[in-house]
Every structure is written in structure tokens, then in C-alpha cells.
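A look at the structure
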Amino acid sequence: MENNTVGKILFTREQIEKRAEEIGAQIAKDYEGEEVYLVGTLRGAVMWMADMMKNITNDAEIDFIVASSYGSASTTSGVVKIKKDLDGDIYGKNVIIIEDIVDTGTTLKFLKEHLADRNPKSIKICTLLDKPSRRLVDVKADYVGFEVENLFVIGYGLDYDQKYRNLPYISYLEG
Ligand code: 5GP
């Protein structure tokens, strides 16, 4: 990815916001009468977390976690570390992990197990993007914004070397 340039727009802000409305309505239905505990994964899920929060009408708490499996480049190390843990207690709660992208699945599987140890009532996963062709470990998101092919996507929270997170749409790197 040496001469990287921003590719075409894959998903516009309007498409993403519409999808957040649809998934939010589905979550409100699935958890009717229950509270949810939304766990956003920083920094990539920040825009998607904000979209989901606006569309989940249940009583909700929000919290953030920072896990890293990538260095500053675009290849995975396969090792996941928690760099910032949750502030709140999830015991007995309906946790929904709000993720930016599921690629190999390594990060999500680790996160799910890490949080399951604290005995929440339930854990589900809501990801903006899913790259199923890259999956190395067995983990599945319960709510998926969009599937993408094997491209290095950027924008709407997703970075390349900490850049492009503020693009209000999803694109990919060419180069
Ligand atoms: P996994 O553990 O599933 O391989 O990777 C998850 C993390 O890797 C994501 O949360 C994201 O930070 C990063 N990642 C994976 N694929 C991409 C991609 O196409 N673009 C960007 N910007 N980050 C990615």
C-alpha cells in the first residue's frame, strides 16, 4: 500500500444512516422491554456507535473498550491486547458490542470471550462492516451493516495509519 490513494465510495453516509435505522429497529424489537449495554470499540467504531445509539430506543448504557490486533500498518499481528477496558460492570446485562469491521475475526472472538467472563446476561455483536472472505476464526456478527469484499476499507471511523477516520463515507485504499 505504498502509493495509496482513496478509491471509489463504497457506502455513502445516507446509506449507512439508513442501515443504522433498520438495525436499530431490529435491536429494539429483539430486546423489547429490556435494557441494553452498548460497548463501542475505539477508535474505529465511533461513527457507527453514534448512529446506533440514535436508533436503539431501549434504555441503554454506553461504554467503550480499546483492543488492538493491528500495529500502525494494515497487516494483522494476530495478537489481541486490551488497551482500555470497560468503565462499567456488565454482570447480568445485555451487552451489544458495536464494532467497525470483522476481518479475520481474531479481535472479536477475543473481545467476546473477555466480556463473557464477567457473566453478562447476553452478548451480541453489531458490526458496520463484515469481510467474511478473510475469516480465520469462528465468530459471527449478529447484526451486519454491510458485507465488503477483500479491500482495505477506510473512512467513517476506519483508518489507515490513523488517517481517513473523518471521511463521512466508506471507501478503500488503492495502491
Ligand atoms: P480482525 O481481528 O477481525 O482481523 O480485525 C479487526 C480489526 O482490524 C478491526 O477492528 C479494524 O480495526 C482492523 N481492520 C481489519 N480490516 C480492516 C480494513 O479493511 N480497514 C481498516 N481500516 N481496518 C481494518
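Residues numbered from 1 in each chain as written. Predicted model: local features only at pLDDT ≥ 70, side-chain atom pairs only at ≥ 80, totals over all residues. Heavy atoms only, no water.

This part is about the packing of aromatic side chains. Scanning the model with the defined rule gives two aromatic pairs in all. A centroid spacing of 4.1 Å and a plane angle of 20 degrees characterise the contact between Phe-11 and Phe-146, whose relative ring orientation is stacked. Of this pair, Phe-11 sits in the loop between strand E1 (5–6) and helix H1 (13–30) while Phe-146 sits in strand E7 (residues 143–147); the two residues are 135 residues apart in sequence, bridging distant segments of the chain. There is no split in this pair, since Phe-11 and Phe-146 are both buried. (Phe/Tyr/Trp six-rings, centres within 6.5 Å; stacked < 30°, edge-to-face > 60°. Helix = DSSP H or I, 4+ residues; strand = E, 2+ residues; numbered from the N terminus. Buried < 20%, exposed > 50% of the residue type's maximum accessible area, 1.4 Å probe, protein only.)

Most of strand E6 (residues 122–130) is tucked away, with seven of its nine residues classed as buried. When strand E5 (residues 94–102) meets E6, the two strands line up parallel, connected through eight bridges. Each bridged residue has a counterpart across the sheet, and for Glu-99 the counterpart in E6 is Thr-127. The parallel pair E5 and E6, bridged by helix H3 (residues 106–116), forms a crossover whose chirality is right-handed. Bridge count for E6 against E7 is four bridges, and the pairing is parallel. When the sheet's bridge partners are listed, Asp-130 is paired in E7 with Glu-147. (Pairing = 2+ DSSP bridges. Right-handed = clockwise from strand over helix to strand, strands pointing away.)

Here we take up H1. When the terminal C-alpha atoms of H1 are compared, their 25 Å separation across 18 residues agrees well with the 26 Å that a helix rising 1.5 Å per residue should span. Where H1 is concerned, the buried positions are Ile-16, Ala-20, Ile-23, Gly-24, Ile-27 and Ala-28. Projected onto a plane normal to the axis of H1, the buried residues spread over an arc of 140 degrees and lie on a single side. Turned more than 90 degrees away from the buried face of H1 sit Glu-14, Lys-18, Glu-21 and Lys-29, all of them exposed. Buried-residue contacts for H1 involve helix H2 (46–55), E5, E6 and E7. (Expected span 1.5 Å × (residues − 1). Arc of directions from axis to C-beta. Contact = heavy atoms within 4.5 Å.)

The subject of this paragraph is unusual backbone geometry. Leu-42 connects to Arg-43 through a cis peptide bond whose omega is -5 degrees. Of note, Arg-43 is situated in the loop between strand E2 (36–42) and H2. Unusually for a residue other than glycine, Tyr-164 sits at a positive phi of about 75 degrees. Summarising the element assignment, Tyr-164 is placed in the loop between strand E8 (153–154) and strand E9 (171–174). Note on Tyr-164: relative accessible area 14%, which makes it buried.

Next up on the list: H2. Among the residues making up H2, those that are buried are Trp-48, Met-49, Asp-51 and Met-52. Projection of H2 onto a plane perpendicular to its axis shows the buried side chains occupying an angular sector of 165 degrees, all on one side.

A separate point is the site of the ligand. In the vicinity of the ligand, 17 residues are found, and the nearest of them are Asp-100, Thr-104, Thr-107, Val-153 and Asp-159. Asp-103 is positioned such that a nitrogen or oxygen atom in its backbone is 2.9 Å from an oxygen atom of the ligand. Its free accessible area being 510 Å², the ligand has 91% of it covered by the protein chains. Of the residues forming the shell around the ligand, the biggest block, four residues, is contributed by E5. (Near = heavy atom within 4 Å. Polar contact = N/O pair within 3.5 Å; in protein donor to acceptor, adjacent residues only side chain to side chain. Areas by Shrake-Rupley, 256 points an atom, 1.4 Å probe, with all protein chains shown as cover.)

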